[in-house]
Amino acid sequence: AQKVTQAQTEISVVEKEDVTLDCVYETRDTTYYLFWYKQPPSGELVFLIRRNSFDEQNEISGRYSWNFQKSTSSFNFTITASQVVDSAVYFCALSEVTSGTYKYIFGTGTRLKVLA
Amino acid sequence: DSGVTQTPKHLITATGQRVTLRCSPRSGDLSVYWYQQSLDQGLQFLIQYYNGEERAKGNILERFSAQQFPDLHSELNLSSLELGDSALYFCASSPRVGTGGTILETQYFGPGTRLLVL
């Protein structure tokens, strides 16, 4: 069955610390897509990244980086030199098309608090 | 500003009623997605449209329906409302969509409509 686990409910760090948000997924498909979204205190959702199952290259975007490891079914997100503006809830998600049916599931989110 | 607009921002209604939520995608985006965020269920994908046609369906209840119009705006209709339908409803758009509704690229989200069913 399709599942996304974000075991860290809440993380607090001090500004400038690095922080990694974990995402573990379960799927039987070989073709699937993984996503990260940010929801700041203002409430809107922000799309951060999409990764397909055939691309295991890590990605870096400024202070953000993502580590995709199929061997451990993980798609972890690291923020380097965290800032107060990074405080938000971060969601990991998985999508796949199985037997013609589109499935899309979110994790429960990790609340990140960056303290000044 | 993402360029995606949603109206209304807030909606308060009673159980058993019907409401319509509206979404206007970014200029040029053909695909529209609807999501529900509630305390009980978390974030859930509801349904997706591409250029007027339904492309993917998620956990959308039978009491809910949606459509995308020729001008590409979309409406989500919620009927026979229950207390548990109280949630934040997000719309997102993207230029294209892949096979079976697969998200190909960046999605842009609207600010959401907060629905409270009393």
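As shown above, the structure is provided for reference.
Before going into details, it helps to say that this report is about the structure given with it. (Residues numbered from 1 in each chain as written. Chains lettered and ligands numbered in written order. Predicted model: local features only at pLDDT ≥ 70, side-chain atom pairs only at ≥ 80, totals over all residues. Heavy atoms only, no water.)

### Re the packing of aromatic side chains
All names here are of chain A. Per the stated rule, a full pass over the model turns up 25 aromatic pairs over all chains. Relative to F106, the ring of Y37 has its centre 5.5 Å away and its plane inclined at 50°; by these criteria the two rings are tilted. Here Y37 is found in strand β5 (residues 33-39), whereas its partner F106 is found in strand β11 (residues 101-106), with 69 residues between them in sequence. Judged by its relative accessible area of 8%, F106 falls in the buried class. (Phe/Tyr/Trp six-rings, centres within 6.5 Å; stacked < 30°, edge-to-face > 60°. Helix = DSSP H or I, 4+ residues; strand = E, 2+ residues; numbered from the N terminus. Buried < 20%, exposed > 50% of the residue type's maximum accessible area, 1.4 Å probe, protein only.)

### Description of the state of the cysteines
Residue and element names in this part refer to chain B. In this structure the tally under the stated criterion is two disulfides over all chains. Disulfide pairing is shown between C23 and C91; the S-S distance is 1.7 Å. Taking the torsion about the sulfur-sulfur bond, which here is approximately -45°, the covalent link between C23 and C91 counts as left-handed. A residue pair is termed long-range when its members are at least 10 positions apart, and C23 in strand β3 (residues 19-24) and C91 in strand β9 (residues 87-94) qualify at 68 residues. Given a relative accessible area of 0%, C23 falls into the buried group. Among the residues examined, C91 registers a relative accessible area of 0% and is labelled buried. (Disulfide = S-S within 2.5 Å.)

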